[in-house]
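An overview of the molecular structure
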Amino acid sequence: MKNSPASTPGGSLSILVLSGGGSAEREISLESGRAVAEALLRRGHAVRLHDPACTPMSGLADIDVILPLLHGTGGEDGALQSELERLRIPWLGSSAAASALTFSKSATRRKLGEAGLPTADGFTACAGADQRVIALQAEAIGLPLVVKPSEQGSSIGITIVSDMKDFPEALATAYRWGSEVIVERWIPGREITVPVIEGELFPAVEILPGRPWYDYEAKYRDEQTRYVTNPASLPAGLLEAVQRAVATCGVSAISRTDLRLTADGCFYILEINTIPGMTSHSLVPMSIGAAGREVGEVLEALLWRRVCAVRSGAAA
């Protein structure tokens, strides 16, 4: 593991942390914001938490840099990033274009497929399409199936279908969260996630849920869920594929790529998260800790790098 991001120039920053918002992931975002604010306060920075769902962004003249931690719709889909680009205040995160791309699981699948990166067999189903045709496509993939909204996080709206009689209800559940739904072959095996921070790979984390799969309950409430950092027996090429996937999608700053790994060593990329959870029990902080680093230290370096780049004219 390299010793990057680079060391900071010293001094304190005035940081606006955006958390909350109006998405289904609001509570997790608020928790991420609190955890990160505390970590940066311990580093001696002036930190202000702001929930744009409650108060419009204003009075930003005294802000050095903005740190968006809004998960889900309105936070990770490019809308916020477009507004931040318009404000022309330094901020940390992927561009509006990269955020919009990766927030759409359908678009991400296409982009990764074009680059020759592995994704599960599947297709995109659009609201209003012939349900009989969709069912025939699903049957051709074979059970079990994963049915999920194209644009949602935290396992919201996902159903694992083991019997085709449950397929229509699974589609209806996913459509509640958007007009595009992903239908994919369920990949049995291990669940792996890999953070990439400014192009650098951080330790992989293996997720061992105490439930049949890593659903919302397993993520945030089930104390039986276990995690293993730097898991053994990862296949050759997995980490390089993650790094390539992130670069292919134009993702920068902090990201987390989720994968499934089969018993015979094949792996499949599920999604790329451009604003991953940063709570005390989230996967990216866990990985940062496994690298012998602290969240506040890593964020501080990234924020200073962004501020210095803008001040020097290296970034808009």
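To start, this report covers the structure provided alongside it.

Criteria and thresholds
- Going along each chain's sequence as written, the residues are numbered from 1 onward.
- It should be noted that, the model being predicted, local features are given only for residues of pLDDT at least 70 and side-chain atom pairs only at 80 or more, the latter also being counted only at that level, while totals for whole chains, interfaces and linings use all residues.
- Water and hydrogen atoms were dropped before computing side-chain values, which therefore reflect all heavy atoms in the structure.
- When DSSP finds two or more bridges between two strands, those strands count as paired.
- Per the convention used, a helix needs a DSSP run of H or I reaching at least four residues, while a strand needs a run of E reaching at least two, with both numbered from the N terminus.
- Each axis is a line fitted through C-alpha atoms, taken for helices only over the stretch in contact, and angles between the N-to-C directions span 0 to 180 degrees.
- The classification of residues rests on relative accessible area computed with a 1.4 Å probe and restricted to protein chains. Under 20% of the type maximum is buried, over 50% is exposed, and intermediate values are partly exposed.
- Contacts are assigned to residue pairs that have any heavy atoms within 4.5 Å of one another.

The next point concerns the sheet that holds strand β3 (residues 65-68). The strands making up a sheet associate through backbone hydrogen bonding, with each pair oriented either parallel or antiparallel. An order of β2-β1-β3 is seen for the three strands of this open sheet, with the pairing classed as parallel. At either end of the open sheet lies a strand with only one pairing partner, and these are β2 (46-50) and β3. Averaged over all neighbouring strand pairs, the angle between strand axes comes to 25°, with direction disregarded. Relative to β3, strand β1 (residues 14-18) runs parallel, the two being bridged by four bridges. Note on β3: the bridge partner recorded for Ile-15 is Val-65.

This next bit is on the sheet that holds strand β4 (residues 122-126). Spatially, four strands are ordered β4-β7-β5-β6 in an open sheet, and the strand pairing comes out antiparallel. At either margin of the open sheet sits one strand with a lone partner, and together these are β4 and β6 (159-161). Sheet twist, expressed as the mean angle between neighbouring strand axes with direction ignored, is 25°. Taken together, the five bridges between β4 and strand β7 (residues 180-185) define a ladder with antiparallel strand orientation. Counted as the bridge partner of Ala-125 is Val-181 from β7.

Once that is clear, we can look at the environment of Thr-274. Summarising the element assignment, Thr-274 is placed in the loop between β13 (267-273) and α9 (283-290). Among the residues examined, Thr-274 registers a relative accessible area of 7% and is labelled buried. For the pair Thr-274 and Phe-103, spaced 171 residues apart in sequence, the C-alpha separation works out to 8.0 Å. With residues up to four places along the chain from it excluded, the contact list for Thr-274 reads Glu-76, Ser-94, Ser-99, Thr-102, Val-251 and Ile-254.

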